[in-house]
There are 2 protein chains.
Amino acid sequence: MSVTAPRGFRAAGVAAGLKADGARDVAVVINDGPSRAAAGVFTRNRIKAAPVLWSEQVLRGGRVRAVVLNAGGANACTGAPGFQDAHTTAERVAEALEDSAAEVAICSTGLIGERLPMPELLAGADEAIGTAARDGGLAAADAIRTTDSVAKIAFKRGSGYTIGGMAKGAGMLAPSLATMLAVLTTDADLTAEQCDRLLRRATAVTFDRIDSDGCISTNDTVLLLASGAAGTVPDEADFAALLTEICDDLARQLVNDAEGASKTIAIEVVGAAGEDDALTAARAVARNNLFKCAVYGEDPNWGRVLAAVGTTDAEFDPDQVNVAINGVWICRGGAVGDDRSKVDLKPREVTVTVDLSAGSDAATVWTTDLTVEYVHENSAYST
Amino acid sequence: MSVTAPRGFRAAGVAAGLKADGARDVAVVINDGPSRAAAGVFTRNRIKAAPVLWSEQVLRGGRVRAVVLNAGGANACTGAPGFQDAHTTAERVAEALEDSAAEVAICSTGLIGERLPMPELLAGADEAIGTAARDGGLAAADAIRTTDSVAKIAFKRGSGYTIGGMAKGAGMLAPSLATMLAVLTTDADLTAEQCDRLLRRATAVTFDRIDSDGCISTNDTVLLLASGAAGTVPDEADFAALLTEICDDLARQLVNDAEGASKTIAIEVVGAAGEDDALTAARAVARNNLFKCAVYGEDPNWGRVLAAVGTTDAEFDPDQVNVAINGVWICRGGAVGDDRSKVDLKPREVTVTVDLSAGSDAATVWTTDLTVEYVHENSAYST
């Protein structure tokens, strides 16, 4: 179902020859309206791929008729010719839909620094538009996979409307959006301003809180498209909650499928003097290679957790920090706590709780362990 | 020679039983004067080991009679009892030297979160003081090794004086000092204020610019001890240059021996609008796991270099950044440059040059690749 769960949307995923293995690699999501309100959030990396530069312009208009997505090439660091390629793709899609290129968003993922094979991509876009259908959501989600082992989709029903979504991303996952593409759709009737506000609120506590390797991509894009086909003007708080659930679901799917990971780690920071402090501390732990290696080795090395927290400016007293791993408080008051042999690190899901004893705020960041497989996968990516 | 190359110093390294394999694990460096001016720089991690807290107090006095160092335990996150252990050790050494504990510095390295075996440590300190000699520099450097595969020593002669040094550190190497212990000695006649100024100047451009894994230790300590035994008041600029050479030599030895590394990578950022910009950009590349994996795979993946630089606030225009790997400018103007197949990544030494085209400042950070061996070594450290 994914992006086609809400009414008003068609989608397709086709094999255009961009991936060497002949798998699906070009997708479209088409909003047939009646509304086409939309919003987007994009990478905060200053090196932005051509499709990001293009789509940022499109989203400034607050309307999206269609999104074209491709795997097999990021179209990043490709200069003016790469931007022209994005423009050409949008024009081709607009022509096929008898619409305006200014309302066609583009998302790309794959290797940085190479031009896209335009004849294949354009033919793929034509084919995708020609075959786009109400049951095309899963094929679209499949087409945007790179090293993702599974397609990521989600949908939920609200009061008189539905929200759907698809996402991809398995490496280069870090806040400022994880390296990822996601398209969220709804048949609720929303203005572009509402889309923007709701999308920012939802991504800030979901996609922005996963961090597999601290690396921020050039291509991150999350789009929200509203067709209005359900004819429902939703209660904004209800919609926000449901959208956050969908984003959270997709974000967790991304972390669970992160490149080479053997553990999914929730870093919960509690007792913080503010939410920013909690987030800062959680991210420092999530990016600490030594700690991530220890989890891979099923070693409850709380000293590395403390050493990571100690690099931040979060408010805490070193003698009052407590750390639990999978519920066992192995560090109390900044020193040895309960017996570390009680910590069971065999399950895939690991929870690290850091109590800063400085207040009552909390935040959680999801990350993964650092494994031999991660190194293998990322040492052989472009060769 | 190491720390005993300058006159006025004795040292020893003994096996006290702190390391499971029976290797040397306790060292002393004794300054017999006539002067005992000294300075120290310490970790900027807010979680500071007990020996750091102790030695910071000692160095506030600007005088050091002796340094006791141990491997086999960091005495970090050990609370008040751990601090008392450091105090007790200093008292014991002071007693043996008939001197003041307030002039005995302590350095420890090893696992975080465990108390030191005090009977063994104190007996080792006694033995080390009893056997300290003018030829003990190498044994002392050997005793402070943890996962270091070799002892790191250096010395150089100036005009009428000598500077010597030893260091340890192989993981958790990141600015704010790499995770390391280093003791530098000189027989030049310097005031404590000069020691402090000269040490800060030298470490800022050497130890502070190596970064193996972005992890900042709880125990980093670099000490400079001046005996005045040569009777020479040095030209400060000459001394600064020589001390920087020694620190640079030791810092490079640390990077070359970093845990599990197969490549030593110099990240040179040139054309920066300021030295801070150059450093920020170089550090971002040095900490990018994806790039470090690519170097391990001998893949000249310049896109990952750009993506790392793009996460910083350094001044640059994405369309004017150039990147060379081992002298081949494979990225020009933010896009594809020379043929990447011309890059030879087989040698251990790798140089990445990033030209920001924004000014005339430059800085270099040394790092290593991210390897399967690094993950192995750090997933099995405390178990």
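Structure first, text after, so check above.
These numbers come from a predicted model, not from an experiment.

K.L.:
Mind showing me how you'd approach the overall build of chain A here?
P.N.:
Per the secondary structure count, chain A includes ten helices and 15 strands. For a compact globule of 383 residues, the expected C-alpha radius of gyration is about 21 Å, and chain A comes in at 21 Å, within 12% of that figure. For chain A, the C-alpha atoms occupy an extent of roughly 70 × 50 × 35 Å along the three principal directions. The buried share of chain A, reckoned over its 383 residues, is 64%. By sequence separation, contacts in chain A at least 24 residues apart represent 80% of the contacts at least 6 residues apart. Here chain A holds 34 positive side-chain charges and 52 negative ones, and the gap between their average locations is 2 Å.

K.L.:
It is not clear to me how the side chain of Arg304(B) should be interpreted in this structure. Could you clarify?
P.N.:
Residues and elements named next belong to chain B. Topologically, Arg-304 is positioned in helix H9 (residues 302–309). Asp-299 provides the closest opposite charge to the buried, unpaired Arg-304, separated from it by 5.0 Å. Within the structure, the side chain of Arg-304 is placed 2.9 Å from the backbone oxygen of Leu-290, a separation counted as a polar contact.

K.L.:
Hey, could you run me through the packing of helix H8 (residues 289–296) of chain A against helix H10 (residues 372–379) of chain B in this one?
P.N.:
When two helices pack together, their arrangement is captured by the angle between the axes and the distance separating the axes. Interaxial distance between H8(A) and H10(B) falls to 7 Å at its minimum, and their mutual angle equals 75°. The angle between the axes of H8(A) and H10(B) places the two elements in the roughly perpendicular class. Residues Asn289(A), Leu290(A), Cys293(A), Ala294(A) and Tyr296(A) of H8(A) pack against Tyr374(B), Val375(B), Asn378(B) and Ser379(B) of H10(B). Within the contact of H8(A) with H10(B), the residues separate by chemical class into six nonpolar, three polar and no charged.

K.L.:
Please explain the sheet that holds strand E13 (residues 335–336) of chain A as it appears in this structure.
P.N.:
Strand pairing in a sheet relies on backbone hydrogen bonds. The paired strands run either parallel or antiparallel. Residues and elements named next belong to chain A. Read from one edge of the open sheet, six strands run E13-E12-E11-E14-E10-E15, paired in mixed fashion. Each having just a single partner strand, E13 and strand E15 (361–368) make up the two edges of the open sheet. Across the face of the sheet, helix H7 (residues 275–286) comes into contact with strand E10 (264–272) and E15 while running at roughly 20° to E15.

K.L.:
Looking at this structure, I do not really get the pairing of strand E2 (residues 26–31) of chain B. What am I missing?
P.N.:
Sheet faces and side chains relate simply in a regular strand, where the side chains alternate between the two faces. All names here are of chain B. Where burial is concerned, most of E2 is hidden: six out of the six residues are buried. Judged by which residues are buried, E2 turns out to be covered on both faces: Val-26, Val-28 and Ile-30 on one side and Ala-27, Val-29 and Asn-31 on the other are all buried. Of the strand pairs in this sheet, strand E1 (residues 9–14) and E2 are connected by six bridges, and their pairing is antiparallel. Along E2, the bridge assignment pairs Ala-11 with Val-29. Note that E2 and strand E4 (residues 66–70) share five bridges and pair antiparallel. Paired with Val-28 across the two strands is Val-68, which belongs to E4.

K.L.:
Is there a simple way to explain the pattern of salt bridges in this structure?
P.N.:
Any two side chains of opposite charge can pair if their charged atoms end up close together. Taken as a whole, this structure holds 48 salt bridges over all chains when the rule is applied. Of the charged contacts in the structure, one is a salt bridge between Arg209(A) and Glu275(A), with a shortest N-O distance of 2.6 Å. With a gap of 66 residues between them, Arg209(A) in the loop between helix H5 (192–204) and strand E9 (221–226) and Glu275(A) in helix H7 connect regions that are remote in the sequence. Relative accessible area serves as the criterion here: at 9%, Arg209(A) is assigned to the buried category. We classify Glu275(A) as partly exposed; its relative accessible area is 37%. One salt bridge in this structure joins Asp338(B) and Arg332(B), with 3.1 Å as the shortest N-O distance. On the basis of relative accessibility, which here comes to 29%, the residue Asp338(B) falls in the partly exposed class. Salt bridges sharing partners connect three or more residues here, namely Arg10(A), Asp32(A), Arg36(A), Arg63(A), Arg65(A), Asp99(A) and Glu103(A).

Conventions adopted
- Per-chain numbering applies: the sequence of each chain, read as written, is numbered from 1 onward.
- As they are written, the chains are lettered A onward and the ligands numbered 1 onward, keeping that order.
- Totals for whole chains, interfaces and linings use every residue, but because this is a predicted model, local features are given only for residues with pLDDT of at least 70 and side-chain atom pairs only at 80 or more, for both listing and counting.
- By convention in this description, side-chain values take in all heavy atoms of the structure and omit both hydrogens and water.
- For helices the rule is a DSSP run of H or I covering at least 4 residues; for strands it is a run of E covering at least 2, with both sets numbered from the N terminus onward.
- For the radius of gyration, the atom set is restricted to C-alpha positions; the globular benchmark scales as 2.2 Å times the number of residues to the power 0.38.
- Only protein chains enter the calculation, and the probe is 1.4 Å; a residue is then buried if its accessible area is under 20% of its type maximum, exposed if over 50%, and partly exposed in between.
- Residues are treated as being in contact if the distance between any of their heavy atoms lies within 4.5 Å.
- Positive charges come from Lys and Arg alone, negative charges from Asp and Glu alone, with His and the N- and C-terminal ends not counted.
- For the purpose of locating charges, the reference atoms are NZ of Lys, CZ of Arg, CG of Asp and CD of Glu.
- For salt bridges, the criterion is a side-chain nitrogen of Lys or Arg within 4 Å of an Asp or Glu carboxyl oxygen.
- Between N or O atoms, a polar contact is any pair within 3.5 Å; within protein, one atom must be a potential hydrogen donor and the other a potential acceptor, and residues adjacent in sequence are included only when both atoms are from side chains.
- Note on definitions: angles span 0 to 180 degrees between N-to-C directions of axes, and those axes are lines fitted to C-alpha atoms, for helices only across the stretch in contact.
- Here the word oblique covers every angle except those under 35 degrees (roughly parallel), over 145 (roughly antiparallel) and from 65 to 115 (roughly perpendicular).
- Polar here means any residue other than Ala, Val, Leu, Ile, Met, Phe, Trp, Tyr, Cys and Pro, which are nonpolar, and Asp, Glu, Lys and Arg, which are charged; Gly is therefore polar.
- Whether two strands pair depends on DSSP finding at least two bridges between them.

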